[in-house]
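# Structural description and commentary
As a plain string of letters, each chain reads:
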Amino acid sequence: MSPLLIAQNTYREATRDRVMAGMVTAGIVLLVMTQIASPLALGEGTRLTVDLGLSGISMIGLLAVLLVGTSLVAKELERRTIYNLLSRPISRSAYLVGKWAGLTAALWTVAAALGLALWITLCLRGAGGHVLSIVEATYLAGLELSVITALAVLFSSLSTPVLSALYTLGIFVVGQWSYDLRELAAKFPAPLSAVMRMAADMAPNLPLFNMRSLASGGSPTTGLHLSLATGYALVYIACVLALATAAFESRDFK
Amino acid sequence: MQTPTGSVPDRPVPDRSPIPLGSRDAAPAIRAKALSKFYRNPWTLKVTRGLEDLSLELPRGEVMGYLGPNGAGKTTTLKLLTGLLKPTSGGAWLLGESIEHPSSRRRLGFLPEQPYFYDYLNGMEYLVMAGRLSGLQSHDAHRQAKLWLGRVGLGDRPALKLRKYSKGMLQRLGLAAALVHRPELLILDEPMSGLDPFGRRDVRDLILEQKHLGVTVLFSSHILPDVELLCDRVAIVLEGRLSRVATVAEIVHGASQRIEISCASDAALEIPPAWRRALYREERPQGALYVLEQDALLDEVLPWLASSGAQVRSVVPHRNSLETLLLAEAGGKSQVAPRDAIESEAPEQRRSA
């Protein structure tokens, strides 16, 4: 029950924050810009709209995680609001899971709002048949943001907001190019190559959540891909939150 | 709790029926055994003592004041008991449950020092959340939140965002949040700080009310007259160690009283050498004031004054305040000035005044 209450409160905090409203506005502005630029796309206006629209969901979501998620726990420590929560019958793991769930729910709301705006834009362009691929792509973007949020919660429970943002961004970059990093590692001498491979293995496999090229052609993905991505995200999130709890469990709140 | 007519009464009525009698009576409200907390600086590896070897028992229904100078270990103790700090060694139990388990805080109400809240919430939302986090059902949490918001004088503005609250209002909200789930044990860290005299009186009344309802209260405070008024016992902690636990009566009345003897005659009597450390004279516009530091000498001093023609007008005993005694206790442990300095300085200061 308590993780749900914490999540509810975190969701309320995130949605009442102007950052989230700003993110949705920025996403809609991006979509409008694509419509202005689409005549320059030489007949590929719909592809451009889908590609930029979906990229917008990921990037705006990432920005929201960096701005809100990385200070999620640190802000509570700094403002000492955490005293009012952890002096109640709430375990620290429930607290962290609640914080993650609340922000994730807020990001899913943003992703859904932007996905809906993208679909409406496509309908106005006469390409409403892309709906399935848009829903699937938005779902995968939501999963990606859930994974990144878990990492942000981990770093936020250990470090300052600025460092947490840097760590989270670093892992996002490594995760986006994890395949390239593995290939690159083969070209380096043994110790460095091992470190690079380890970084690629530990970082989340974010390309798994990317189906922008498929969606821009209007093609849906397979059920297996969606299931694999969902299972992978859940396991990765569970591992990260377990690590965060282990680190947070012994922490003193002076 | 609602009245049979469904209207809201003036104050919340605690309902403790769900708690089984066995668990209520079995263990003390607070038990600490060799509880210690040391902080290690990760860079210099220097170890600082926060609290060392605290063994303390607080029976149910008792109100205890936890006193000591700043940095003595009061807040460390309270944070250890409420799970915000992890003990380095030793253990503690709240209402019979180890503080290692979050469930030990189910029947605990805690007010941190200078409480901070989510400023995007309003008072009602915050109290509902606090109640629900402590195990109340949604309906009960709403009802209790409404009652307590009114009880602490914030009921006329339930939708006011907390960012617009004054410091005193936040303190009162914090107290309501500590009480909203009808706890059996209250731990309050400086509950009167930041309050005006009216707010202080309200908090005092609330603590007294909880005491009469059988709630156990442990609170730290620097406002010693309130401690004297509210507490059954006080514990004094100095430099991270428990220095003394005693009833207020033992501490205050057990000490020697100062007695002021007002005389009409201003004739400068020569004080016998044997009394010079205990008796001194102050000039007053209409006579003289003799201050006796040891009440045991009164039976000898009064006849001497009478026989010397001093014309005794009044004899006023002044009992030591908790503050004087706390300062003396702290002085002995070099927290402030040494005890000797306090004792020898006091008469000088009075003379110059």
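Fair warning: this is a prediction, and the values are worked out from it, not measured in the lab. (Residues numbered from 1 in each chain as written. Chains lettered and ligands numbered in written order. Predicted model: local features only at pLDDT ≥ 70, side-chain atom pairs only at ≥ 80, totals over all residues.)

The next subject is the nonpolar core. Ranked by internal contacts, the top residues of the largest apolar core, which has 143 residues, are A:Val153, B:Leu127 and B:Ala176. Counting the residues that make up this core, at least three belong to each of domain 1 (21-252) and domain 2 (256-352) of chain B. Every residue in contact with A:Val153, bar those within four places of it in the chain, is listed here: A:Gly69, A:Leu72, A:Val73, A:Leu96, A:Lys99, A:Trp100, A:Leu241 and A:Ala244. B:Ile259, B:Leu279, B:Tyr290 and B:Val301 belong to the second largest nonpolar core, which has 10 residues in total. (Core = buried A, V, L, I, M, F, W, Y, C linked by C-beta atoms within 7 Å. Buried ≥ 20, exposed ≤ 12 C-beta atoms within 10 Å, placed from the backbone. Domains from an automatic or database assignment. Contact = placed C-beta atoms within 7 Å.)

Sheet strands associate in pairs through backbone hydrogen bonding, adopting either a parallel or an antiparallel arrangement. All names here are of chain B. Overall, antiparallel pairing links the 4 strands, which are arranged β12-β13-β11-β14 in an open sheet. Pairing within the sheet leaves two strands with one partner each, and these edge strands are β12 (279-284) and β14 (312-318). The mean inter-strand angle of the sheet, taken between neighbouring strand axes irrespective of direction, is 20°. Pairing geometry for strand β11 (residues 258-263) and strand β13 (residues 287-292), over 5 bridges, is antiparallel. Within β13, the residue paired with Glu260 across the bridge is Val291. (Pairing = 2+ DSSP bridges. Helix = DSSP H or I, 4+ residues; strand = E, 2+ residues; numbered from the N terminus. Axes fitted to C-alpha atoms, helices over the stretch in contact; angles between N-to-C directions.)

All names here are of chain A. Positionally, Ser58 belongs in helix α3 (residues 45-67). Overall, the presence of 24 C-beta atoms within 10 Å leaves Ser58 in the buried class. Here the alpha-carbon distance between Ser58 and Val240, two residues 182 residues apart in the chain, equals 20 Å. For Ser58, the residues in contact, after removing those within four places along its chain, are Ala141 and Glu144.

Taken together, the contact between chain B and chain A spans 24 residues of the former and 20 residues of the latter. Ranked by residues supplied to the side of chain B that touches chain A, first place goes to helix α3 (residues 123-133) of chain B with 4 residues. In terms of residue class, the side of chain B that touches chain A is built from 14 nonpolar, 5 polar and 5 charged. (Nonpolar A, V, L, I, M, F, W, Y, C, P; charged D, E, K, R; others polar.)

Residues and elements named next belong to chain B. The end-to-end C-alpha distance of helix α4 (residues 138-151) is 20 Å, a good match for the 20 Å that 14 residues give at a rise of 1.5 Å each. Among the residues making up α4, those that are buried are Ala141, Gln144, Ala145, Leu147, Trp148, Leu149 and Arg151. Positioned one or two residues after α4, Gly153 has a phi angle of 80°, which is positive. (Expected span 1.5 Å × (residues − 1).)

The next point concerns the sheet that holds strand β10 (residues 241-247) of chain B. All names here are of chain B. Spatially, β6-β7-β8-β3-β9-β10 is the arrangement adopted by the 6 strands of the open sheet, whose pairing is mixed. The two strands at the open ends of the sheet, each matched to only one other strand, are β6 (108-111) and β10. Within this sheet the neighbouring strands show an average axis-to-axis angle of 15°, counted without direction. Bridge count for strand β3 (residues 63-67) against strand β9 (residues 233-238) is 4 bridges, and the pairing is parallel. From the neighbouring strand, Leu67 faces β9, where its bridge partner is Ile236. Strands in contact with helix α2 (residues 74-81) are β3, β7 (185-189), β8 (216-220) and β9; relative to β7, the strand with the most contacts, it is inclined by about 145°. Packed onto the sheet, helix α6 (residues 197-212) meets β3, β7 and β8 and runs at close to 150° relative to β8.

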